[in-house]
Amino acid sequence: MIRVLVVDDEALVRSGLRMILETAGDIVVAGEARDGAEAVGAVTRLAPHVVLMDVRMPGVDGLAAAARIQAAPDAPRIVMLTTFDLDEYVHEALRLGAVGFLLKDTPPRDLIAAVRTVAAGQAMLSPSVTKRLISAFVDRAPSRAERARARLAALTGREEDVIRAVARGLSNAEIARELRLSEATVKAHLSRVLAKLGLANRVQAAILVHDADL
């Protein structure tokens, strides 16, 4: 079973998410929290696999909570919830290690699929909404772009092909088909890319490519 912690300051939102998730059969809502402070304690107490967390909450917001949660060993995978598809706080949360975000009006089927995807170790990198958010809020100052390009210069040509495809929102299977490689080879390239660049996941890799303005 996939254990999920739902964090939102609105009780109706928490109840709605719980009802949707628990129809899946393989997902259980291990607990709820009303703000970031409660979320940090609940993660320690309940050991969820996935945290669905609102960005904007009174007191300790989702951004601050994400930073605290990610600092702990064996941290769960964090997906930010937002009412807006262009939210600067979400972009910062991705930089802190969150693996993606969902709009609160995401259809139930897509919400369930997203939780399964994240629990399986994949980042939520939608070619539409997530890519638009990253593009909108990355600071493209020349110094940032130059630093990003310098980091990417450490990659081989094939590794750069892979990370560019990741930034476009392609899955490993789609990258394999496009580059005419096996999926295992793509995974190996991606693992080396993340290790070389000191990145935690695909979302951070995509942000680096966008920082480089490639």
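The structure we're discussing is the one just above.
Predicted, not measured: the structure shown is a model, and the values here were computed from it.

### Observations regarding unusual backbone geometry
For residues besides glycine, phi is generally negative; the peptide bonds are generally trans as well.
Then step 1. Residue Ala47 is not a glycine yet carries a positive backbone phi of 50 degrees.
Then step 2. For Asp74, which is not glycine, the phi dihedral falls at a positive 55 degrees.
Then step 3. Mapped onto the elements, Asp74 comes out in the loop between helix H3 (62-70) and strand E4 (77-82).

### Some words on the nonpolar core
Then step 1. Residues Val4, Leu21, Leu52 and Met53 are the most contacted members of the largest nonpolar core, which totals 44 residues.
Then step 2. What Leu52 contacts, discounting residues up to four positions off in sequence, is Val4, Leu5, Val6, Val7, Leu21, Val79, Leu81, Leu102, Leu111 and Val115.

### As for the pattern of salt bridges
Then step 1. Taken as a whole and judged by the stated rule, the model has 12 salt bridges.
Then step 2. For Arg18, the salt bridge identified is with Glu22, shortest N-O distance 3.3 Å.
Then step 3. Close ionic contact of Lys196 with Glu159 constitutes a salt bridge, the shortest N to O distance being 2.8 Å. Of the two residues, Lys196 is situated in helix H10 (residues 183-197) and Glu159 in helix H8 (residues 157-167); the sequence distance between them amounts to 37 residues.
Then step 4. Overall, the relative accessible area of 3% leaves Glu159 in the buried class.
Then step 5. A single salt-bridge network, built from bridges that share partners, covers Arg14, Arg18, Glu22 and Glu32.

### Overview of the environment of Gly36
Then step 1. Mapped onto the elements, Gly36 comes out in helix H2 (residues 36-46).
Then step 2. Residues Gly36 and Asp61 lie 25 residues apart in sequence; the distance between their C-alpha atoms is 5.2 Å.
Then step 3. When sequence neighbours within four positions are dropped, the list of residues in contact with Gly36 reads Met57, Val60, Asp61 and Ala65.

### A short note on the packing of H2 against H3
Then step 1. Put simply, H2 and H3 touch, their axes get as near as 8 Å, and they point 20 degrees apart. Judged by the angle between their axes, H2 and H3 are roughly parallel. The handedness of the crossing between H2 and H3 is right-handed. Along the contact surface, H2 presents Gly36, Val40 and Val43, while H3 presents Ala65, Arg68 and Ile69.
Then step 2. A class-by-class count of the residues in the contact of H2 with H3 yields 4 nonpolar, 1 polar and 1 charged.

Calculation criteria
Residues numbered from 1 in each chain as written. Predicted model: local features only at pLDDT ≥ 70, side-chain atom pairs only at ≥ 80, totals over all residues. Heavy atoms only, no water. Helix = DSSP H or I, 4+ residues; strand = E, 2+ residues; numbered from the N terminus. Core = buried A, V, L, I, M, F, W, Y, C linked by side-chain atoms within 4.5 Å. Buried < 20%, exposed > 50% of the residue type's maximum accessible area, 1.4 Å probe, protein only. Contact = heavy atoms within 4.5 Å. Salt bridge = Lys/Arg side-chain N within 4 Å of Asp/Glu carboxyl O. Axes fitted to C-alpha atoms, helices over the stretch in contact; angles between N-to-C directions. Parallel < 35°, antiparallel > 145°, perpendicular 65-115°, else oblique. Left-handed = near helix turned anticlockwise from the far one by under 90°. Nonpolar A, V, L, I, M, F, W, Y, C, P; charged D, E, K, R; others polar.

Treat this as a map of the structure, not an account of what it does.
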